[in-house]
Amino acid sequence: MLLLLINIAAFAQSIKITGVVKDNKGATLPGVSVKVKGTTIGSLTDIDGKYSINAPNSQAVLVFSYISYVSKEVTVGNNKTIDVTLLDATTDLNEVVVTGFGETVKKSDLTGAVGTVSAKQIEQRQPVNIFEALQGQVAGALVVTDNGDPNGTGTIQIRGISSINSGNGPLYIIDGVTSDNANFVNPADIASIEVLKDGASTSIYGARGANGVILITTKRGKEGKPQVNGNYYINFGNLAHLLPTVSSKQLRYYRAYRGDSNNGGNVDSMNHYLNADNDYQQLLFKQGVKQVAGVSISGGSKGLTYYTGVNYTDDKSIIINSYGKKLQTKINVDYQPGNFRIFNSLTFAYQTGNTVPLFNTLRQLFERNPWTSIFKPDGTYAGYIESKRNPVAQALFSTNADKNYTAQYSTQASYQISKDFKATILFNAQLDNFNNTQLNPSSLTSGGTGLSTGGNDLENKFYWETQGYLNYNHTFGKDHAVSAVAVVSMDRQRNDEYNIKLNNYLSEAILNPSAATILTTSTFPATAHTDQSVFTRLGYSYKSRYIAQGTYRRDGSSRFGVNNVFGNFFSGSVAWRFSDEKFMNFSKSWLDDAKFRASIGQTGNDQIGDYNSYTLMNFGDSYGDVPAAYINTTLGNSTIKWENVVTKNLGMDLTFFKGRLTITPEYYIKTTTGLLYTKDLPQETGEKVVTVNLGSIQNKGWEFTVSGTPIQTKNVRWNMIGNISFQRGKILSLADHTSFISGNKWLIEEGGKIGNFYLNKNLGVYQYDVSNAYTPDNQRLTPVGVSNNGTTAAGYTLNGQPYTGTIKQKTYNGVVLQGGDTEWLDANNDGQIDDADKVIAGNGLPNYFFGITNNISYKQFNLSFLFNGQIGNMVYNTTANAQNAFTSTYSPPTVDAVLTSWQNEGDISKYPLFTRKDTRGSIRTGYNSLYLEDGSFIRLSSARFTYTLDSKYAQKIKARNASVYVYGSNIFTWTNYSWFDPEFTNSNPIQPGEDTGRYPKRREFGVGITLNF
């Protein structure tokens, strides 16, 4: 009875507080947690941002918290209505960061190098994939996107190249489950992204985390009424800029000077087929239209919440008949009866589209004769003419169509055994089905009468994994916090491929193998591999001032021989919050938080073929009429073992001026030993290659991240986040200390940088015959008093002074070089220009790269924009080099080469006399430094201007809030690169920077609307 009276009295003394919670734009926030500090009393805001809570007394403090917003505390006092505005948590130290396997940590307590991207940052980019969402957002993560290609994706490289041949892409963890890619994830469904960069952070993912780990947490439902969010936008894209192409008049001039059989004249001046003047860019490119529509529904009741998102993308790109369509769905359901919790997630993505053959279209823009009509006299599209394809017909009628889908289902069940212990089991299954159909119709063959050719490629990939882990968290007293996790896991992946090559179709409208001739070159490979792991992580914190963490992991991979299946990997990290020390009391007025971090960690890499430790047998051929098998030309090597990546990291986290400025510098050294590489074998062995552990590489770098709020008033707020990364990759050692050339132009040598171009150094073109004159120590002489025919000179000077010493000349294949020939650097000064004179002419990797994001709000208006760039990287323009080979009677060179090539004694040019073609070694296709260009760029990558309706007006259309926006991407690019764009994806990490004719980026502008109900 006494207890009852006390409770009644306490209730009578409580104060009922009501109010509304909004963001800084005036939009109401549903699901905000409202708690009385130091008690269990709490409430949530409803769909209109309203809340009601009983405070015990006027001294009580209400704490308002919401994900991605800065928490706020308000003392009740004499108020009965408390309305609150929450600000974006761009620099909030209490932000929770996911670190994996059920563990989270406050951002202020991190001991490793972790970059974070919020849902709000993603929304401002309007991305259609994970690559666009991350580009320019995280220090140390070099992200390249295929902006133009509607079916393209991108690449992400974290802290440089970790491996020469065994995979350099990061591992993706999506809601706790593993995936090799995140292409199927809709960015609108993402709540947060964490990028784990150092060894201590990634080591818990062991073998698959050597190249960094990207943790993706998708959105979940919150208790309360259903929330419906809709978004639609449409944008229009065009080729960012046109390139100069040779006109018919210029080509006739070029051919006439070369002395070709028709001397550049018209065969028939009355034949319209031979009297066009095409700029094929105008015919091949068009305005692209991209439409994206998405809707999500979330909500729930106590113990049961849900989130469902659906997104549809229809992208008609800037090349005719190039398109992509994508449907993405996500369903998350949380069920929590008491201490038991089940989380189910289902993802489905379907993508279809047509990819134009770039070599037969983009390259032909510049290689096809411009005076040749794209139509035949009868009005049908022409195919071949002068051995060159019709780029418009190739784009319109060739087929390279994809029909791909991904289905992923995962379920997690966890049980809170006690206050300190929680057990979790997880199962995940993912099925990827890739179906590609190709057709090159008969009309596109030479003469238009050849056999139609094509194929069907089908790949089924099934992956499953299971995990079990036990989490422990306990605080002893008030100062000592201990955390631990122990995990066991197993996964398996099987790939089945069916690559069917076809010709002689019964009908080109029926692209089915049963309606064509199946060629013997068809293949049907199948592979599988299994991984097993056990690992643990321990953490300790004293007052959040001294923090330590250690990890041990043992991984097993079926890809290695029986004696090297398992690898052991360790890591450790410490952090010291020195701002809490007494000797730092002087800084309390301006320094909020200061922490020093240090870590070292090991990870493994097994990203090679599934059976490289075995010598395999090939099936499918026949001996006469008898089925036959033969030994594969890849020799198995049972001694190959794990690549080992060790990362050392030093970092600081500094926060100033009540959270308005944060600075995070990082320094790292990442070393890979036991590099897995495919090595060539002597031909007499009967085998071609073998996988070996051949050496080591090292990446060093500095990273700086700065975020701040330069302006913060009642109506105006300006947030800025910038990052810059400096990194250098170096090859420490190679097998047998033997250097080699990769891809005919990249030098792989001990002590060299990764990405070094190994080329002949082009010094220009000899102005006169007598310009080929050097001192014995290889200094170039300047002729004076040159005769009209350029063959004699009155004398020479060296550095402006008369020279009377010995004169040497350069030769190619024993022939003395003359005026109009390319002048090459004679690196070894032997007088002969040959492959021995190749030098390191540049590097395909940037010296540094950066991203700067700004977000400016004024009342209901918001402007966000992103700059990103790369500085110091070189690009080899293979397309221009091929045009200027001067070997083809038909292909026009570049405009610059037509108009400015050397022709007469005394001419000053960078292009040699084209009538000699390559008979005197003047071209050196593939390794001519003339075509090595500066690939540096700065880009205004995206901008979005948004107007958010006042909530009272939004409610008139039954919406919680509404906004409209205009948007642009790839808006401006500042670069000296001469071709379409210096930024493009690259499939081989040790061969960076070669432009072979990539899908051009597009400049896009559009409008959109967002409605929340």
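Residues numbered from 1 in each chain as written. Predicted model: local features only at pLDDT ≥ 70, side-chain atom pairs only at ≥ 80, totals over all residues. Heavy atoms only, no water.

### Some details on the overall build of the chain
Under the convention used in this document: Every helix listed is a DSSP run of H or I at least four residues long, and every strand listed is a run of E at least two residues long, numbered separately from the N terminus. All radius of gyration figures rest on C-alpha atoms, and the globule criterion is 2.2 Å times the number of residues raised to 0.38. For every residue, the accessible area obtained with a 1.4 Å probe (protein chains only) is divided by the maximum for its type, and the residue is called buried under 20%, exposed over 50%, and partly exposed between those limits. Method for areas: the Shrake-Rupley scheme with a 1.4 Å probe, in which residue coverage is limited to the protein chains shown. Positive charge is attributed to Lys and Arg, negative charge to Asp and Glu, and no charge count is given to His or to the chain ends. The location of each charge is read from NZ of Lys, CZ of Arg, CG of Asp or CD of Glu.
The number of helices and strands found in the chain is eleven helices and 58 strands. Taking 31 Å as the expected radius of gyration for a compact globule of 1013 residues, we find that the chain reaches 33 Å, a close match to that expectation. Here the chain holds 1013 residues, and the buried ones make up 54% of them. Only carbon and sulfur atoms are counted for the fraction: they give 57% of the accessible area of the chain, which is about 43600 Å². Counting 90 positive and 82 negative side-chain charges, the chain places the averaged centre of each group 9 Å from the other.

### A closer look at the sheet that holds strand E7 (residues 84-86)
Going by this rule: Strand pairing requires that DSSP identify at least two bridges connecting the strands. Between N-to-C directions, angles span 0 to 180 degrees; the directions come from axes that are lines fitted to C-alpha atoms, helices contributing only their stretch in contact.
Strand order across the open sheet formed by three strands is E4-E1-E7, with mixed pairing between neighbours. A single partner strand is all that each edge strand has here, and the edge strands are strand E4 (50-55) and E7. Neighbour-to-neighbour, the strand axes of the sheet open up by a mean angle of 35°, direction not taken into account. Note: strand E1 (residues 15-23) against E7, three bridges, orientation parallel. Looking across to E7, one finds that Lys-22 is bridged to Thr-85.

### Examining the domain arrangement of the chain
For clarity, the threshold we go by: All domain edges in this entry derive from an automatic or database-based domain assignment.
Here the chain is described as being made up of domain 1 (15-88) and domain 2 (762-836 + 886-922). Spacing between the C-alpha centres of domain 1 and domain 2 amounts to 80 Å.

### A word on the side chain of Ser-373
Applicable threshold: Polar contacts, as counted here, are pairs of nitrogen or oxygen atoms within 3.5 Å of one another; within protein the pair requires one atom able to donate a hydrogen and one able to accept it, and residues that are adjacent in sequence qualify only if both atoms are side-chain atoms.
Looking at where Ser-373 falls in the secondary structure, it is placed in the loop between helix H7 (358-367) and helix H8 (391-397). Classification of Ser-373 by relative accessible area gives buried; the value is 9%. There is a polar contact of 3.0 Å between the side chain of Ser-373 and the backbone nitrogen of Phe-375.

### As for the pattern of salt bridges
Rule in force here: Salt bridge, as used here: a side-chain nitrogen of Lys or Arg that lies within 4 Å of a carboxyl oxygen of Asp or Glu.
Taken as a whole and assessed by the stated rule, the structure comprises 34 salt bridges. A salt bridge links Glu-367 to Lys-388; its shortest N-O distance comes to 3.6 Å. Here the residue Glu-367 occupies a position in helix H7, and Lys-388 occupies one in the loop between H7 and H8, the gap between them amounting to 21 residues. Lys-388 matches Glu-367 in its accessibility class, with the two residues each being buried.

### Considerations on the environment of Asp-896
The line we're drawing: We call two residues in contact when some of their heavy atoms are within 4.5 Å.
Here Asp-896 lies in helix H10 (residues 895-900). The class of Asp-896 is partly exposed, set by a relative accessible area of 33%. On a C-alpha basis, the gap between Asp-896 and Lys-910 in space is 9.6 Å, while along the polypeptide they are 14 residues apart. Apart from residues lying up to four places away in sequence, Asp-896 is in contact with Ser-901, Lys-910 and Tyr-911. At 3.1 Å, the side chain of Asp-896 and the side chain of Tyr-911 are in polar contact.

### A word on the pairing of strand E39 (residues 716-733)
One ladder, built from 15 bridges, connects strand E38 (residues 696-712) with E39; its direction is antiparallel. Across the sheet, the residue bridging to Gly-701 is Gln-727, located in E39. Remark: three residues form the turn of the hairpin made by E38 and E39, two consecutive strands paired antiparallel. Sheet analysis places E39 next to strand E51 (residues 848-858), joined by eleven bridges and oriented antiparallel. The residue of E51 that forms the bridge with Phe-726 is Tyr-848.

### Regarding the confidence of the model for the chain
Using the following cut-off: Residue-level confidence of the predictor is summarised by pLDDT, bounded by 0 at the bottom and 100 at the top.
Of all residues in the chain, 94% attain a pLDDT of 70 or more, and the chain-wide mean is 87. Every residue in residues 1-12 scores below 50 in pLDDT, and together they form one contact with partners more than four places removed in sequence or on other chains.

### Describing the packing of aromatic side chains
In plain terms, the rule: Pairing of aromatic side chains here covers Phe, Tyr and the six-membered ring of Trp, requires ring centres within 6.5 Å, and sorts the geometry by plane angle: under 30 degrees stacked, over 60 edge-to-face, intermediate tilted. Counting as a charge over the ring demands two things of the Lys NZ or Arg CZ atom: a distance within 6 Å of the ring centre and an angle within 35 degrees of the ring normal.
Under the defined criterion, the tally for this structure stands at 33 aromatic pairs. Centre to centre, the rings of Trp-590 and Phe-656 are 6.2 Å apart; their planes meet at 5°, and the pair counts as stacked. In this pair, Trp-590 sits in the loop between strand E29 (566-576) and strand E30 (591-605) while Phe-656 sits in strand E34 (residues 643-656), placing the two residues 66 residues apart along the sequence. Residue classification places Phe-656 among the buried positions, given a relative accessible area of 13%. With a centroid separation of 6.0 Å and 40° between ring planes, the pair formed by Phe-656 and Phe-657 is classed as tilted. Given a relative accessible area of 45%, Phe-657 falls into the partly exposed group. Here the aromatic residues Tyr-254, Tyr-257, Phe-886 and Phe-914 are joined through ring pairs into a cluster of three or more. A cation sits over an aromatic face here: Arg-924 above Trp-824, 6.0 Å from the ring centre. One Lys or Arg, Arg-944, reaches over the ring of Tyr-965 and ends 4.0 Å from the middle of that ring.

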